[in-house]
Every structure is written in C-alpha cells, then in structure tokens.
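# Analysis of the macromolecular model
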Amino acid sequence: MTIKKIHLNSKWRAFLREELNSSNFQKVISALVIERENHVVFPENNVIFNAFNFTIPSRVKVVILGQDPYHGKKQAHGLSFSVPNGVKIPPSLRNIFKELQRDLNHPIYNNGNLESWANQGVLLLNSTLTVREKNAGSHQKLGWEQFTDSVIKKISDKKEGIIFLLWGAFAQKKSELIDIKKHHILTTTHPSPLSAYRGFSGCNHFSKTNKLLLKNNQKPINWKVC
C-alpha cells in the first residue's frame, strides 16, 4: 500500500496534506505493509480511514476518541467503538447503548454499526488505526498516534465549536492538543465494564452534546442507531 492508494477522500487529503506527507506517516505505511506480510492485521486496508470517509472536515461537529481497533475477526471497520452489521456487540459498546437508553430513552440496540452517527459529522477516531489479531495495543508504537495527534490538533486549530468526548484516562490525555477557548470537552470514565460504573453511567454526554450543538446554532445529533 502506498499513500496514493490509501482510501481517504479528497477533502481530508487536502485538510491533512502536511500530516500525510510527513516522514512519520511514510514510516507507518511502510511498517504496515511489513506487518501484513507477517501477521493478520485489522481492519482491512480499504476501511482503515473509515472515520474520515463518512464525513468531510467542514461537517465534523463531534469527535469521539477511542484507543485502538477491536482485534477480533470481522469486528474492526475503521470507526471507534463501532462494529459492522451482524457482529456481536462488544461490552464497551453495550455500555454506551445502556447510557444512551438512560440519557435519551433509546432502546438497547442489537446492531453495533455506528455509521449513522458518522454520517452526521461524528468523527469516530481511534488513536491507533490498526492492530494485530488477538493482540490489543500491538500497533501503538507503529507511529499512528503521532499521526492522529496531529489530526486532533489540526481540527482544533482550524475549526471552532467542536465537541470532544474523551472517555477514560487515555483519551483525556489528548485534551492538551485541544484549544478549550474554541472547543468543548466532555470527559468521563471509559465505557469498559471495568470502569463504566465509576462515571460513564450517568454522564449524560449524548444529551449534553446536543444541548451544546443547539447553543452553537447547529443541528443536534440523532443518536439513533440504524
């Protein structure tokens, strides 16, 4: 895979031109080619940048930051916390749905595909965009974080009024990349079963996000999962 062949829409290519042309990103792509030659890697090349391809920079309103992709077969498809249609819902996503039910009276969805959120300008961005099968965090030293940190800072620098949902200590460390004078940051614990009870449950982030959007004269997110 070369940079020219990555599946990334033209608007993001222009917005992230410096990041895509950096020596770090070149190293990531080269390392990923080698990884695929020696290991099973998720997700497939054509969906690595799905978080970007469901919206364009000018339409991004919310950023939900995850850590790295699911490492089981057929789970990862380039959107943080999301799984494709027909795939069993992971525990963290199940807790997200429970909070959505508690906050906005939604049903507990049996479909974990969050593309409907992404289509409305919710950037479901993982900090690391690939992973080895059954080896969580295995690509955290590949260089992805340097790239996605640059993406977060670029969004912060170039846009205004973005709502960043930072769930858990890892995501909250990214707050230093965000200009709080221009943007909104909502923080709580990670939705993992190990920590959801310590703050995520009852955080009201979905209703709070929509109230902030309305205050900014923007259309709220329909959090329904189609």
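Residues numbered from 1 in each chain as written. Predicted model: local features only at pLDDT ≥ 70, side-chain atom pairs only at ≥ 80, totals over all residues. Heavy atoms only, no water.

## Points about the packing of aromatic side chains
Considering all chains together, one arrives at 16 aromatic pairs under this definition. The interplanar angle of 75° and the centroid separation of 6.3 Å between the aromatic rings of Phe25 and Trp144 together place this pair among those described as edge-to-face. Here Trp144 lies in helix 7 (residues 144-158) and Phe25 lies in helix 3 (residues 23-38), a separation of 119 residues in the sequence. When its relative accessible area of 0% is taken as the criterion, Phe25 is described as buried. For Trp144, a relative accessible area of 0% translates into the label buried. One aromatic cluster is present, formed by Trp12, Phe15, Phe25, Phe49, Phe52, Trp144 and Phe147 through successive ring pairs. Against the face of Phe15 rests Lys154, its NZ or CZ located 5.5 Å from the ring centre. Between Arg198 and the ring centre of Tyr197, over which it is positioned, the NZ or CZ distance is 6.0 Å. (Phe/Tyr/Trp six-rings, centres within 6.5 Å; stacked < 30°, edge-to-face > 60°. Helix = DSSP H or I, 4+ residues; strand = E, 2+ residues; numbered from the N terminus. Buried < 20%, exposed > 50% of the residue type's maximum accessible area, 1.4 Å probe, protein only. Lys NZ or Arg CZ within 6 Å of the ring centre and 35° of its normal.)

## Comments concerning the packing of helix 3 against helix 7
Viewed as axis vectors pointing N to C, helix 3 and helix 7 meet at an angle of 135°, and their least axial separation amounts to 9 Å. Relative to helix 7, the element helix 3 is oriented oblique. Between helix 3 and helix 7 lies a crossing of left-handed hand. For the pair helix 3 and helix 7, contact is made by Asn24, Phe25, Val28 and Leu32 and by Trp144, Gln146 and Phe147, respectively. Its residues assigned to classes, the contact of helix 3 with helix 7 shows 5 nonpolar, 2 polar and no charged. (Axes fitted to C-alpha atoms, helices over the stretch in contact; angles between N-to-C directions. Parallel < 35°, antiparallel > 145°, perpendicular 65-115°, else oblique. Left-handed = near helix turned anticlockwise from the far one by under 90°. Contact = heavy atoms within 4.5 Å. Nonpolar A, V, L, I, M, F, W, Y, C, P; charged D, E, K, R; others polar.)

## Observations regarding the pairing of strand 3 (residues 122-126)
Where burial is concerned, most of strand 3 is hidden: 5 out of the 5 residues are buried. On strand 3, burial covers both faces: Val122, Leu124 and Asn126 on one face and Leu123 and Leu125 on the other are all buried. In this structure, strand 2 (residues 62-66) lies alongside strand 3, joined through 5 bridges in parallel fashion. Residue pairing for strand 3: Leu65 is matched across the bridge by Leu125. (Pairing = 2+ DSSP bridges.)

## Section: the environment of Ser156
Among the secondary structure elements, Ser156 is positioned in helix 7. On the basis of relative accessible area, Ser156 is assigned to the buried category, the value being 1%. Between the C-alpha atom of Ser156 and that of Leu177, which follows or precedes it by 21 residues, the distance is 7.4 Å. Filtering out sequence-adjacent residues up to four positions away, Ser156 remains in contact with Leu177, Ile178, Asp179, Lys182 and His183. Separated by 2.8 Å, the side chain of Ser156 and the backbone nitrogen of Asp179 make a polar contact. (Polar contact = N/O pair within 3.5 Å; in protein donor to acceptor, adjacent residues only side chain to side chain.)

## Re the pattern of salt bridges
Under the defined criterion, the tally for this structure stands at 6 salt bridges. Glu35 is the partner of Arg132 in a salt bridge, and the nearest nitrogen-oxygen pair spans 2.7 Å. Taken together, the residues Arg132 in strand 4 (residues 131-132) and Glu35 in helix 3 connect sequence positions 97 residues apart. For Asp157, the salt bridge goes to Lys153, with nearest N and O atoms at 2.9 Å. You can see Asp157 and its partner Lys153 sitting in helix 7, 4 residues apart, about one turn around the helix. Through salt bridges with shared partners, one network takes in Glu145, Asp149 and Lys174. (Salt bridge = Lys/Arg side-chain N within 4 Å of Asp/Glu carboxyl O.)

On their own, these measurements won't tell you what the molecule is for.
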